[in-house]
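Okay, here's what each chain looks like letter by letter:
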Amino acid sequence: MVAVTGAIRGWGRGYLRRHQVASLETVGDQFVLGVRAIQYLVGDIARGRFAFGEFVRQAAFMVKTSYVPTIAVALPISATLSIQFGLIAGQVGANSLAGAASGLAVIRQAAPVVTAILLAAAVGSAICADLGSRTIREEIDAMAVMGVSVIHRLVVPRVAAGVVVAIGLTGLSAFVGFVAGYLFNVYVQGGTPGSFVATFSSFATIGDMYLAVVKAVVFGLIVTVVACQKGLSTKGGPSGVADSVNAAVVASIVLLMVVNVGFTEMYTLLFPRAAL
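Reading guide: rules and limits
- Residues numbered from 1 in each chain as written.
- Predicted model: local features only at pLDDT ≥ 70, side-chain atom pairs only at ≥ 80, totals over all residues.
- Heavy atoms only, no water.
- Axes fitted to C-alpha atoms, helices over the stretch in contact; angles between N-to-C directions.
- Helix = DSSP H or I, 4+ residues; strand = E, 2+ residues; numbered from the N terminus.
- Parallel < 35°, antiparallel > 145°, perpendicular 65-115°, else oblique.
- Left-handed = near helix turned anticlockwise from the far one by under 90°.
- Contact = heavy atoms within 4.5 Å.
- Nonpolar A, V, L, I, M, F, W, Y, C, P; charged D, E, K, R; others polar.
- Buried < 20%, exposed > 50% of the residue type's maximum accessible area, 1.4 Å probe, protein only.
- Salt bridge = Lys/Arg side-chain N within 4 Å of Asp/Glu carboxyl O.
- Disulfide = S-S within 2.5 Å.
- Arc of directions from axis to C-beta.
- Core = buried A, V, L, I, M, F, W, Y, C linked by side-chain atoms within 4.5 Å.
- Patch = residues over 30% accessible without salt bridge, like charges linked within 9 Å, V, L, I, M, F, W, Y side chains within 5 Å.
- Areas by Shrake-Rupley, 256 points an atom, 1.4 Å probe, with all protein chains shown as cover.
- Phe/Tyr/Trp six-rings, centres within 6.5 Å; stacked < 30°, edge-to-face > 60°.

Engineer: What am I meant to see in the packing of helix 5 (residues 150–187) against helix 6 (residues 193–203) here?
Structural biologist: The axes of two packed helices give the description: the angle between them and the distance between them. Remark: helix 5 packs on helix 6, axes separated minimally by 9 Å, with the N-to-C direction vectors making an angle of 140°. Classified by the angle between their axes, helix 5 and helix 6 sit oblique to one another. Note on packing geometry: the crossing formed by helix 5 with helix 6 is right-handed. Residue-level inspection shows Phe178, Gly181, Tyr182, Asn185 and Val186 of helix 5 in contact with helix 6, the latter providing Pro193, Phe196, Val197 and Phe200. Its residues assigned to classes, the contact of helix 5 with helix 6 comprises seven nonpolar, two polar and no charged.

This is the structure in structure tokens:
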């Protein structure tokens, strides 16, 4: 009985160590890596030592990997929002407000969230796999032995590229989503073009676009930092790379959703929407 109790206690301590405590350590490592990457990025730009060539290569790879999936996902999501808001507006006799509702939903929520999820799935997984493969081949250790900063050489260009690409893809997603919602509302649901544009311009403000851009910057930073941290901490050979990629995608999406809720609530409290 004593042996069984001891085994259960040992298993409980191990579980806490492997999961809860390990999760806190991982979040701490990601936070430290993100802060250092931002510090090095600002310092490299100020001193003119920023790895611009690597930044361009990473940005081109990210755009090539994610722009088609972003458009493909933005179209059906915008159409779905247009359908739902059109039905709700019709039930309460406010068909003219469908444009404002669907357009604002695309800019405030759909565009940055779609971009972030696609970045996590397509770009984050690729970054994690690349750095994880280098880690298990001991290339990262070799760079450290030679005195080459891994953060300067590998992390900073990817973080900068991720932020820039996230801003561009968010703008692309917002444009595609707005056009898709407009076409669907006008040609499928029988709405009027003037009413759609007028109600959207009445409710939308430049602050909504600022919110989307800020979200894009933070989301791009989260995706790249999480992917880099998971890749650089890969262990266990080739199977460890697969585990790191899976963990990076899941952790990125969870963090993105939590941060998105926080941003939305803060914006609603700080900048309440005035009635027409």
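Engineer: How do you make sense of the environment of glycine 132 when you look at a structure like this?
Structural biologist: In this fold, glycine 132 is placed in helix 3 (residues 98–136). What makes glycine 132 buried here is its relative accessible area of 0%. Expressed as a C-alpha distance, the spacing of glycine 132 and serine 233, which sit 101 residues apart in the sequence, is 7.4 Å. Those residues within four positions of glycine 132 in sequence are excluded, and the remaining contacts are Gly231, Thr234 and Val241.

Engineer: Just to check I follow, could you spell out the pattern of salt bridges for this structure?
Structural biologist: Oppositely charged side chains may form a pair once their charged atoms are brought near each other. This model, assessed by the stated rule, comprises six salt bridges. A salt bridge links glutamate 54 to arginine 158; the nearest nitrogen and oxygen atoms lie 3.7 Å apart. Residue glutamate 54 is located in helix 2 (residues 52–91), and its partner arginine 158 is located in helix 5; the two are separated by 104 residues in the primary sequence. Pair check on accessibility: glutamate 54 and arginine 158 agree, each one buried. Bridged by salt links that share partners, the residues Glu54, Arg57, Asp130, Arg134 and Arg158 form one connected network.

Engineer: Just to check I follow, could you spell out the state of the cysteines for this structure?
Structural biologist: Disulfide: a covalent bond formed between the sulfur atoms of two cysteine residues. In this structure the tally under the stated criterion is zero disulfides. The thiol sulfur of cysteine 228 is not disulfide-bonded, and the nearest other cysteine sulfur, from cysteine 128, lies at 8.8 Å.

Engineer: Got a minute to help me understand the environment of alanine 59 in this structure?
Structural biologist: The topology assignment puts alanine 59 in helix 2. Given the relative accessible area of 14%, alanine 59 is considered buried. Leave out the neighbours within four places in its chain, and alanine 59 touches Ala161 and Val165.

Engineer: Help me understand helix 6 in this model?
Structural biologist: Helical periodicity: at 3.6 residues per turn, an α-helix aligns residues three or four positions apart in one direction. Within the span of helix 6, buried status applies to Phe196, Thr199 and Phe200. Down the axis of helix 6, the smallest arc covering the buried residues is 100°, so these residues share one side.

Engineer: I would appreciate a short explanation of the side chain of threonine 170 in the present structure.
Structural biologist: Tracing the chain through its elements places threonine 170 in helix 5. Threonine 170 gets classed as buried once you look at its relative accessible area, which sits at 3%. Ignoring sequence-local partners within four residues, the contact set of threonine 170 consists of Ala111, Pro112, Thr115, Ala212 and Ala216.

Engineer: Explain unusual backbone geometry to me, please; I cannot follow it from the model alone.
Structural biologist: In most cases, non-glycine residues show a negative phi, while peptide bonds are predominantly trans. A positive phi angle, close to 65°, is found at glutamate 138, a residue other than glycine. For glutamate 138, the position within the fold is in the loop between helix 3 and helix 4 (139–145).

Engineer: What is the right way to read the nonpolar core from this model?
Structural biologist: A general trend in soluble globular proteins is that nonpolar side chains are found buried together. Core analysis: the largest hydrophobic core is formed by 38 residues, its most contacted members being Leu119, Ile127, Val155 and Leu256. Of all elements in the fold, only helix 1 (2–47), helix 2, helix 3, helix 4, helix 5, helix 7 (206–232) and helix 8 (237–270) reach the threshold of two or more residues within this core. In terms of residue count, the dominant contributor to this core is helix 5 (eleven residues). With residues up to four places along the chain from it excluded, the contact list for leucine 119 reads Ser66, Gly124, Gly162, Val165, Ala166, Leu169 and Val223.

Engineer: How do you make sense of a nonpolar patch on the surface when you look at a structure like this?
Structural biologist: There is a patch of nonpolar side chains on the surface, built from Ile167, Ile206, Met209, Tyr210, Val213 and Val217 and spanning about 500 Å² of accessible area. Considering every element that reaches the nonpolar patch, the biggest residue donor is helix 7, with five residues. Position of valine 217 among the secondary structure elements: in helix 7.

Engineer: Whenever I open this one, the packing of aromatic side chains confuses me. Can you help?
Structural biologist: Note on aromatic pairs: each is described by the distance of the centres and the angle between the planes. Scanning the model with the defined rule gives two aromatic pairs in all. On the basis of an interplanar angle of 55° and a centroid distance of 5.6 Å, the ring pair of phenylalanine 50 and phenylalanine 55 is categorised as tilted. With relative accessibility at 14%, the residue phenylalanine 55 sits in the buried group. Geometrically, the ring pair formed by phenylalanine 52 and phenylalanine 55 is tilted, given 5.9 Å between the ring centres and 40° between the ring planes. Remark: phenylalanine 55 and phenylalanine 52 occur in helix 2; sequence separation between them is three residues, near one turn of the helix. Taking the relative accessible area as the measure of exposure, phenylalanine 52 reaches 54% and is therefore exposed. Taken together, the aromatic side chains of Phe50, Phe52 and Phe55 make up a single cluster linked through ring pairs.

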